[in-house]
Amino acid sequence: MYFYVMSKNLLTISLLCAIFFFGIEKSHAQNTADKNQNSSLIQPPYLKAGDTVAIVAPSGILKNRQGEIKNAQELLKSWGLHSVVGKHVFTQNNHFAGTDDERCEDFQNALDNPNIKAIWCARGGYGAVRILDRLDWTAFKKNPKWVIGYSDITALHSDVHNLGYQSLHAMMCTSLQDAPETIKETISTFKDALFGKPLSYTLEASTYNKTGNASGELVGGNLTILQTMLGSKSQIETKGTILFIEEIGEYKYHIDRLLQSLKRAGYFDHCNGVIVGDLTKIKKNTTPWGTSAQQLILDVLKDYNFPIAFNMHAGHAKDNRALIFGRQVELRVEKNKSELNFSN
């Protein structure tokens, strides 16, 4: 009988302790979650005259594109900035601008150098994912700097976001294959973002717009890259965010497959809104899809109540306006127009 009473008392005490410590842990977890939800990502310092920008090529090969890199350097110079070109930018290794080690070396040197205030990716293509796990962000955390690019550079944006920092979805050096007068908005918004001028966009009307208002951190990038990040440490958290997507050179069925993969992974479950950028060079399949790419997107997202804005000039087109990923934005979507305003 004595043994039974003691055992019962010990069991009761154990249960009370478990409840007590579980309550503390749950409270701590909730506080952490609330903090993460309410906190903004760290903004690297805006650039000023005399600062230095590193030009690197973490992805595709730059064959016969020396002129575009020179144009990029001249553009930076016209803004009062200095530039350094990575050692391996013009190295050719089959599909890539150098081996994985060489591309990583250039990017790492730019991360580690405290005199570098921004890292401007020369082009996209494919290859950034191959160096993600090789990079050491220790020095970057001590001296944050802007990581700039789009397309394949979405992989790097995702890692920067998960580290807790803002980054810049904007033109790359190869964008200067076009005459500057034909890409005025692309260049001017890139400069505005780099130097800290407030960004605000009015999007053209679209009958596909799903009306409503929303706010949150702007995240996203190239649809294919976002999908390939699923299940890895580079997958971004989309809860409470405004998600931007763009794509180039895909069949409509492939765009549907990408979106369905993200949907099944819960990617859109807690989004506050979606912004659709350029969908360029969409391929025609021998079997017609049956709807526009815009309607395809609406069909995939029909179960969600958040607003959806089309006609954002960002992505693979001449008019590729700068977006600050990780920055708080306000999105207003109407049938006759949409507005996207970045916090200062």
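In the block above lies the structure referred to throughout.
Everything numeric here is computed off the predicted structure, so don't read it as measured data. (Residues numbered from 1 in each chain as written. Predicted model: local features only at pLDDT ≥ 70, side-chain atom pairs only at ≥ 80, totals over all residues. Heavy atoms only, no water.)

A. Representation of the overall build of the protein chain within the structure. Scanning the protein chain from terminus to terminus reveals 9 helices and 13 strands. Long-range pairs, those at least 24 residues apart, make up 80% of the contacts in the protein chain with a sequence separation of at least 6. (Helix = DSSP H or I, 4+ residues; strand = E, 2+ residues; numbered from the N terminus. Contact = heavy atoms within 4.5 Å.)

B. Region of the structure containing the pairing of strand β2 (residues 82-85). Here strand β1 (residues 52-56) pairs with β2 via 4 bridges, running parallel. In the strand pairing of β2, Thr52 is matched with His82. Following the backbone out of β1, through helix α2 (residues 66-78) and into the adjacent parallel β2, one traces a crossover that is right-handed. (Pairing = 2+ DSSP bridges. Right-handed = clockwise from strand over helix to strand, strands pointing away.)

C. A look at the packing of aromatic side chains. Going through the model one piece at a time under the given rule, you end up with 15 aromatic pairs. With 5.2 Å between their ring centres and 80° between their planes, Trp137 and Phe140 make a pair best called edge-to-face. The same class applies to Trp137 and to Phe140, which are both buried. Three or more aromatic residues joined by ring pairs make a cluster, and in this case those are Trp79, Trp120, Phe190 and Phe195. (Phe/Tyr/Trp six-rings, centres within 6.5 Å; stacked < 30°, edge-to-face > 60°. Buried < 20%, exposed > 50% of the residue type's maximum accessible area, 1.4 Å probe, protein only.)

D. Quick peek at the nonpolar core. If you look at the biggest cluster of nonpolar residues, it comprises 73 residues, and the most contacted ones within it are Phe107, Trp120, Leu168, Leu323 and Leu340. Here this core takes 5 residues from strand β3 (residues 116-121), the largest share from any one element. Beyond its immediate stretch of four places on either side in the chain, Leu340 contacts Leu199, Ser200, Tyr201, Leu203, Ile275, Met312, Leu323, Val329, Glu330 and Leu331. (Core = buried A, V, L, I, M, F, W, Y, C linked by side-chain atoms within 4.5 Å.)

E. How the structure looks around empty space enclosed by the protein. Enumeration over the complete set of coordinates arrives at 2 cavities of 30 Å³ or more. Its volume calculated, the largest cavity comes out at about 60 Å³. Lining the largest cavity, in full, are His157, Ser158, His161, Tyr165, Ser167, Val219, Gly220, Ile236, Phe325 and Gly326. Every element with two or more residues in the lining of the largest cavity is listed here: α5 (154-163) and β7 (212-222). (1 Å grid on protein atoms, 1.4 Å probe; cavity = no way out; pocket = protein on both sides within 12 Å on 5 of 7 lines; lining within 4 Å. Points joined across faces, edges and corners; volume = space filled by probe spheres on them.)

F. Focus on α2. Counted at 1.5 Å a residue, the expected span for α2 with its 13 residues is 18 Å, and the 19 Å between its end C-alpha atoms agrees. Residues of α2 that are buried include every one of Glu68, Ile69, Ala72, Leu75 and Leu76, and no others. Projected down its long axis, α2 shows its buried positions confined to an angular sector of 115°, all on one face. Exposed residues on α2 whose side chains face more than 90 degrees from its buried face are Lys70, Lys77 and Ser78. Check the buried side of α2 and you find it contacts β1, β2, β3 and α6 (184-195). Gly80 sits one or two positions beyond α2 and adopts a positive phi of about 85°. (Expected span 1.5 Å × (residues − 1). Arc of directions from axis to C-beta.)

G. Spotlight on the sheet that holds strand β12 (residues 328-333). If you walk across this open sheet you meet the 7 strands as β6-β13-β12-β7-β8-β9-β10, and the pairing is mixed. With partners counted over all chains shown, the strands left at the sheet margins are β6 (200-203) and β10 (308-309), one partner each. Summarising the sheet, β7 and β12 pair through 6 bridges and their orientation is antiparallel. Within β12, the position partnered with Ser215 by the bridge is Glu330.

H. Molecular detail of the sheet that holds strand β11 (residues 323-325). As summarised here, the arrangement of the 6 strands in space is β2-β1-β3-β4-β5-β11, forming an open sheet in which the pairing is mixed. Edge positions in the sheet fall to β2 and β11, since each of these pairs with one other strand and no more. Averaged over all neighbouring strand pairs, the angle between strand axes comes to 25°, with direction disregarded. Of the strands in this sheet, β3, β4 (146-149), β5 (167-169) and β11 touch α6, which is tilted by about 175° from β5. (Axes fitted to C-alpha atoms, helices over the stretch in contact; angles between N-to-C directions.)

I. Region of the structure containing the pairing of β3. Of all 6 residues in β3, 5 are buried, a share of seventy percent or more. Inspection of the sheet shows β1 paired to β3 by 5 bridges, in the parallel sense. For Thr52, the partnering residue across the bridge sits in β3 and is Ile116. Pairing between β3 and β4: 3 bridges, direction parallel. From the neighbouring strand, Trp120 faces β4, where its bridge partner is Ile148.

J. Focus on α6. Taking 1.5 Å per residue, 12 residues should reach 16 Å; α6 reaches 17 Å between its end C-alpha atoms and fits that length. On its buried face, α6 sits against α2, β3, β4, β5, β6 and β11.

K. Quick look at the environment of Gly326. Looking at the element boundaries, Gly326 is found in the loop between β11 and β12. Exposure remark for Gly326: the relative accessible area of 0% places this residue in the buried category. Along the primary structure Gly326 and His161 are separated by 165 residues, whereas in three dimensions their C-alpha atoms are 6.6 Å apart. Beyond its immediate stretch of four places on either side in the chain, Gly326 contacts Leu41, Gln166, Glu217 and Leu218.

L. The arrangement of the side chain of Thr186 in detail. Mapped onto the secondary structure, Thr186 falls in helix α6. The class for Thr186 is buried, based on a relative accessible area of 2%. Reaching out from Thr186, the side chain makes a polar contact with the backbone oxygen of Lys318 at a distance of 2.4 Å. The contacts of Thr186, once residues within four sequence positions are left out, are Met171, Lys318, Asp319 and Asn320. (Polar contact = N/O pair within 3.5 Å; in protein donor to acceptor, adjacent residues only side chain to side chain.)

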